[in-house]
Amino acid sequence: MLCDCYWPMTEDVRRRLLIEDWLPVAELGVESLRESSPIPGQFPKLKTLHVWWARRPLVASAGAILASLLPAWSPELANEFGDRDELGTPEAYRDWFLDLCGIWGDPISASRLLRAAKAAGNPIPNPYTYKQAYRNSPKAVDVQLLHEVLRQTWGGIPEVCDPTAGGGSIPYEAVRYRLPSRANDLNPVAAAVLRAGVDTPAQYGSQLATDLERWGSILIGRLRARLCHYFPSLPNEEVATFIFARTISCPRTGKCVPLASDWALGLPRVRSRGWLV
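Because the structure is predicted, anything quoted here is derived from the model rather than measured.

K.L.:
What is the right way to look at helix H2 (residues 25-36) in this model?
P.N.:
Because each turn of an α-helix spans 3.6 residues, side chains separated by three or four positions in sequence point in the same direction. When the terminal C-alpha atoms of H2 are compared, their 16 Å separation across 12 residues agrees well with the 16 Å that a helix rising 1.5 Å per residue should span. Within H2 the residues assigned to the buried category are Glu27, Leu28, Val30, Glu31, Ser32, Arg34 and Glu35. Contacts from the buried residues of H2 go to helix H3 (58-69), helix H5 (90-100) and helix H6 (107-120).

K.L.:
Hey, could you run me through a nonpolar patch on the surface in this one?
P.N.:
The grouping of Tyr230, Phe231 and Val239 at the surface amounts to a nonpolar patch, some 310 Å² of accessible area in total. Along the polypeptide, Phe231 turns up in the loop between helix H10 (209-227) and strand S4 (247-249).

K.L.:
Which parts of the structure should I look at to understand the nonpolar core?
P.N.:
Formed by 36 residues in total, the largest nonpolar core has its most connected members in Leu66, Leu70, Trp96, Phe97, Ile103, Leu146 and Leu179. Only H2, H3, H5, helix H7 (140-154) and helix H8 (169-176) provide two or more residues apiece to this core. The biggest single contributor to this core is H3, with six residues.

K.L.:
Looking at this structure, I do not really get the environment of Ala133. What am I missing?
P.N.:
Within the secondary structure layout, Ala133 lies in the loop between H6 and H7. The spacing of Ala133 and Asp99 is 34 residues in sequence and 9.1 Å in space, taken between C-alpha atoms. Once residues lying within four places of it in the same chain are set aside, the contact partners of Ala133 are Glu31, Val59, Cys101, Gly102 and Ile103.

K.L.:
What am I meant to see in the pairing of strand S2 (residues 159-162) here?
P.N.:
Residues in a regular strand point their side chains to alternate faces of the sheet. By the bridge criterion, three bridges tie S2 to strand S3 (residues 181-183) in an arrangement that is parallel. Each bridged residue has a counterpart across the sheet, and for Asp162 the counterpart in S3 is Ala183. Between the parallel elements S2 and S3, the chain passes through H8 in a crossover that is right-handed.

K.L.:
Please clarify how the packing of H2 against H6 should be interpreted in this entry.
P.N.:
The description of two packed helices rests on the angle between their axes and on the distance between the axes. Where H2 contacts H6, the two axes come as close as 9 Å, and the packing angle between them is 55 degrees. With respect to each other, H2 and H6 are oriented oblique. For the pair H2 and H6, the crossing hand works out as left-handed. Within the contact between the two elements, H2 uses Ala26, Glu27, Val30 and Glu31 and H6 uses Pro107, Ile108 and Ser111.

The rules behind the values
- Residues numbered from 1 in each chain as written.
- Predicted model: local features only at pLDDT ≥ 70, side-chain atom pairs only at ≥ 80, totals over all residues.
- Heavy atoms only, no water.
- Helix = DSSP H or I, 4+ residues; strand = E, 2+ residues; numbered from the N terminus.
- Expected span 1.5 Å × (residues − 1).
- Buried < 20%, exposed > 50% of the residue type's maximum accessible area, 1.4 Å probe, protein only.
- Contact = heavy atoms within 4.5 Å.
- Patch = residues over 30% accessible without salt bridge, like charges linked within 9 Å, V, L, I, M, F, W, Y side chains within 5 Å.
- Areas by Shrake-Rupley, 256 points an atom, 1.4 Å probe, with all protein chains shown as cover.
- Salt bridge = Lys/Arg side-chain N within 4 Å of Asp/Glu carboxyl O.
- Core = buried A, V, L, I, M, F, W, Y, C linked by side-chain atoms within 4.5 Å.
- Pairing = 2+ DSSP bridges.
- Right-handed = clockwise from strand over helix to strand, strands pointing away.
- Axes fitted to C-alpha atoms, helices over the stretch in contact; angles between N-to-C directions.
- Parallel < 35°, antiparallel > 145°, perpendicular 65-115°, else oblique.
- Left-handed = near helix turned anticlockwise from the far one by under 90°.

As structure tokens, then:
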């Protein structure tokens, strides 16, 4: 993960960064796992919008960006913002950082309860009291305070630069915090994904919703017309998704052969009549 931050230097020696003193690795790790799990509903992840390699979790990207920009807590920082409880103590500062990342509960305790219940074979209600971190947008008051702290620290809001951005997790999160961001990639496909997934939505916002619904419906209709007869549905059933696989031509028959390492469509797999299904 690459996150370069540029800022105007107003002093000969910069302040120590938060990431140099503390980073909530355990909390970010739990939330990254939650983010990678299938989530039904109308909250698609950035990585589901386009197939790309080495997608970085959004919550981990947010944590790396913020901790690379924010100063480490100090009494001087608390004094500069004496009326803000979020900066009053190291503990309050860290809690505010977690809120900025969208971690609005205790992921470590919840994860521990869930693992213990699975090990004992005793299902329990969902122990998480909040949505996955990537689904929690930063509050406007927190973003405002973030910008105030950055201006006070660096003399302006730093710019986040990711020259090898790939699928765009780092610039995507930078834009969510209203931070100036520059991103690119040597692969032109990645550059196109960045333009479509980060740059254009940042410029036009919700104005794109109507066009996206229109053209998305057209694309789905075309794909369904081409594929549905290959995957007939039983009464009251509907195809939920299609498995993506690249293909090659068989050197002997010339027909298309899917490049798939695993033909299982669901887990866990069970053995039935000698076949793995």
